[in-house]
Amino acid sequence: MLRGIAIVLLVISCGLLGFTKSKAESGRIKDLKMLRRMTSLLSGAVSYGAVPLPSALWSVGGKMGNPYKEFMQQVSKELDDLSGQSFTEVFSRNVDSYLLDTHLRREDRENLKALGADMGFLDKQMQLQTLQAYHAELDQKIEELQEGLPVRMKLYQSLGIMGGLFFAILLI
């Protein structure tokens, strides 16, 4: 009896693991779209607002949802404090602090840090070109992920269930 319950729980937990992984894939696309929106808004603030980068980060952060709002506004605060740290250091540290619990993968966060490294010391025109290049890179990545999303979601769900059944057979 107890063994049967354990096998059923194993199959259910493996199945749920597959569904969780498939949900994370769609969450990654959602987070990449948020980054795309962030760069678009930041590009507009830099080009038309003619405000310093910390002010642009603060205003764009106000239009975003958490954790992106907290991330951008914290970067803005730290830059306004004039602590002597470079934009790159502040941006990179806050990416690790605020965006670690999102569905973004390590490579996505590294690309965002690279954007921060390029943004910190460039003039207005170069900042806009950097933002546009990052925006185009995000568009391409989102398109690639969306093309294969249904197949990958079904695969993760099936693998979770089949893995649970495989372990159940091994235990029987």
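Residues numbered from 1 in each chain as written. Predicted model: local features only at pLDDT ≥ 70, side-chain atom pairs only at ≥ 80, totals over all residues. Heavy atoms only, no water.

K.L.:
Hey, could you go over the side chain of Asn94 for me, with residue numbers and the actual values?
P.N.:
Topologically, Asn94 is positioned in helix α4 (residues 87–98). Ignoring any residue separated from it by four or fewer positions in sequence, one finds Asn94 in contact with Phe71, Gln74, Val75, Glu78 and Leu99. (Helix = DSSP H or I, 4+ residues; strand = E, 2+ residues; numbered from the N terminus. Contact = heavy atoms within 4.5 Å.)

K.L.:
Please give an account of the environment of Gly65 that cites residues and values.
P.N.:
Checked against the element boundaries, Gly65 lands in the loop between α2 (53–62) and α3 (68–80). For Gly65, a relative accessible area of 30% corresponds to the partly exposed category. Linking Gly65 and Asp118, residues 53 residues apart in sequence, is a C-alpha distance of 24 Å. (Buried < 20%, exposed > 50% of the residue type's maximum accessible area, 1.4 Å probe, protein only.)

K.L.:
Talk me through the nonpolar core; I want residue IDs and the actual numbers.
P.N.:
Ranked by size, the top nonpolar core spans 33 residues in total, and within it Leu35 and Leu112 carry the most contacts. For this core, the secondary-structure elements that each account for two or more residues are α1 (2–49), α2, α3, α4, α5 (106–119) and α6 (124–171). If sequence neighbours within four positions are ignored, Leu35 has contacts with Tyr68, Leu104, Leu112, Tyr134 and Leu138. (Core = buried A, V, L, I, M, F, W, Y, C linked by side-chain atoms within 4.5 Å.)

K.L.:
Go over empty space enclosed by the protein, please, and point to the residues and values.
P.N.:
Enumeration according to the criterion identifies one cavity of 30 Å³ or more in this entry. Here the largest cavity is characterised by a volume of approximately 50 Å³. Taken together, Met38, Thr39, Leu42, Leu53, Leu57, Phe87, Phe91, Leu115, Met119 and Leu131 make up the full set of residues lining the largest cavity. At the level of secondary structure, the elements contributing two or more residues to the lining of the largest cavity comprise α1, α2, α4 and α5. Residues that form the lining of the largest cavity fall into these classes: nine nonpolar, one polar and no charged. (1 Å grid on protein atoms, 1.4 Å probe; cavity = no way out; pocket = protein on both sides within 12 Å on 5 of 7 lines; lining within 4 Å. Points joined across faces, edges and corners; volume = space filled by probe spheres on them. Nonpolar A, V, L, I, M, F, W, Y, C, P; charged D, E, K, R; others polar.)

K.L.:
Give me α5: which residues, what numbers.
P.N.:
Given a rise of 1.5 Å per residue, 14 residues ought to cover 20 Å, and the 20 Å separating the end C-alpha atoms of α5 matches this to within 8%. For α5, the set of buried residues is Asp108, Arg109, Leu112, Lys113, Leu115, Gly116 and Met119. Seen end-on, α5 carries its buried residues on one side only, within an arc spanning 150°. (Expected span 1.5 Å × (residues − 1). Arc of directions from axis to C-beta.)

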